[in-house]
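Take a look at the letters that make up each chain.
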Amino acid sequence: MPRRTLVIIAAVIALVLVGTILALTLGGDDKNDAGGGNGKDDKSTSAGPSTATGGSSTDTDSGNGGSSGKDRDKDQNGAQGQGADKDKGDGTGEGADGSKGDKPGDALPAGFRKVTSKRFHFTVAMPEKFRFDTTAGSNSGAIYNVDGGFPRIQIDYTDSPGGDAAAAWNAARAAVAATSRGYQHFGIKKVEYNGYPTVADWQFERTQQDETVRVLNRGFKIDATHGYAIMISCKADEWNGAECRKLREVAFDTFKPVD
């Protein structure tokens, strides 16, 4: 069997493993916090949520979105996209991630547009050129970028969040490190964000698409039925550049939950 085929098979197995771990850690099984729910029962899955379903989600520019590069790495942090979830523009300005573009007149930084995902229950501003790429994990979220590359933003949602975001990330760390090529850990720490009850930032580097990529993954719980992770990934040598800094700042500043 060709070496490239073996590498692809190994990557797919790793992604499935990590996706399962993230569903458990982000979803949690704390009945007090989540009403006894779990990742598999994520309400958004029925609508084709985050990263792995095929539904009628909306992205105004989805007809032009989605990356087609055959060497594109699927996200290794619980984000294995499914071919059936690629943009399926239906002529109504709606795409496969359940999100809609911004309305004219929204006060956003120059070069940014607002995306609202009904499937994954969020609204956030991102660069105008970003398009829905694919779903992530086990129907957990959506990935946006330009032509499947970096920088990129991934937002995951669960309707049964656990009570400790830092503990969730620490529980997932070993598996992500084991299945990510060139993983380098930069820390997991609790942070303050919008007054939410539990928030944690996880930072690391890994190799994707033969590029060293820096990642900031912010996980947080808003209430008993709204838990999210906003993951920003940029090429490591561009992490402190203006484009990547702006992407992080605007994403965190404009993110809002949506029912």
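Residues numbered from 1 in each chain as written. Predicted model: local features only at pLDDT ≥ 70, side-chain atom pairs only at ≥ 80, totals over all residues. Heavy atoms only, no water.

K.L.:
Where do I start with the pairing of strand S9 (residues 211–223) in this structure?
P.N.:
In regular strands, side chains alternate between the two faces of the sheet. Most of S9 is tucked away, with 10 of its 13 residues classed as buried. The pairing of strand S8 (residues 198–208) with S9 spans 11 bridges and is classified as antiparallel. In the sheet register, tryptophan 202 faces S9, and the bridge partner there is asparagine 217. Judged from the 10 bridges that link them, S9 and strand S10 (residues 226–235) form a sheet pairing that is antiparallel. Residue pairing for S10: aspartate 223 is matched across the bridge by histidine 226. Between S9 and S10, which pair antiparallel in sequence order, lie two residues. (Buried < 20%, exposed > 50% of the residue type's maximum accessible area, 1.4 Å probe, protein only. Helix = DSSP H or I, 4+ residues; strand = E, 2+ residues; numbered from the N terminus. Pairing = 2+ DSSP bridges.)

K.L.:
Explain the environment of arginine 113 here, please?
P.N.:
As for its placement among the helices and strands, arginine 113 is situated in strand S2 (residues 112–117). Sequence spacing of arginine 113 and lysine 129 is 16 residues, and the spatial spacing of their C-alpha atoms is 8.9 Å. For arginine 113, the side chain forms a polar contact with the main-chain oxygen of phenylalanine 130, separated by 2.9 Å. (Polar contact = N/O pair within 3.5 Å; in protein donor to acceptor, adjacent residues only side chain to side chain.)

K.L.:
Looking at this model, I keep getting lost on the pairing of strand S6 (residues 152–158). Mind explaining?
P.N.:
The element S6 is largely enclosed, with a buried count of seven among its seven residues. Burial along S6 is two-sided: Arg152, Gln154, Asp156 and Thr158 and Ile153, Ile155 and Tyr157, pointing in opposite directions, are all buried. Note that strand S5 (residues 141–145) and S6 share five bridges and pair antiparallel. In the sheet register, isoleucine 143 faces S6, and the bridge partner there is glutamine 154. The turn linking S5 back onto S6 is made up of six residues, and aspartate 147 within it adopts a positive phi angle of 55°. Judged from the seven bridges that link them, S6 and S10 form a sheet pairing that is antiparallel. Residue pairing for S10: isoleucine 155 is matched across the bridge by isoleucine 230.

K.L.:
Teacher, can you tell me more about helix H4 (residues 242–254) here?
P.N.:
Think of an α-helix as 3.6 residues a turn; residues three or four steps apart then line up on the same face. If you check H4, its first and last C-alpha atoms are 18 Å apart, about what 13 residues at 1.5 Å a residue would give, namely 18 Å. The set of residues buried in H4 consists of Cys244, Leu247, Arg248, Val250, Ala251 and Phe252. Its buried side turned inward, H4 meets S2, strand S3 (122–127), S6, S9 and S10. (Expected span 1.5 Å × (residues − 1). Contact = heavy atoms within 4.5 Å.)

K.L.:
I would appreciate a short explanation of the state of the cysteines in the present structure.
P.N.:
Think of a disulfide as a covalent bridge from one cysteine sulfur atom to another cysteine sulfur atom. The full count for this structure, using the stated rule, is one disulfide. A sulfur-sulfur separation of 2.0 Å characterises the disulfide bridge that pairs cysteine 234 with cysteine 244. Every disulfide takes its handedness from the sign of the S-S torsion; for cysteine 234 and cysteine 244 that torsion is 90°, giving right-handed. One end of the pair, cysteine 234, is in strand S10; the other, cysteine 244, is in helix H4, with 10 residues separating them in the sequence. Assessed through its relative accessible area of 2%, cysteine 234 is described here as buried. Taking the relative accessible area as the measure of exposure, cysteine 244 reaches 2% and is therefore buried. (Disulfide = S-S within 2.5 Å.)

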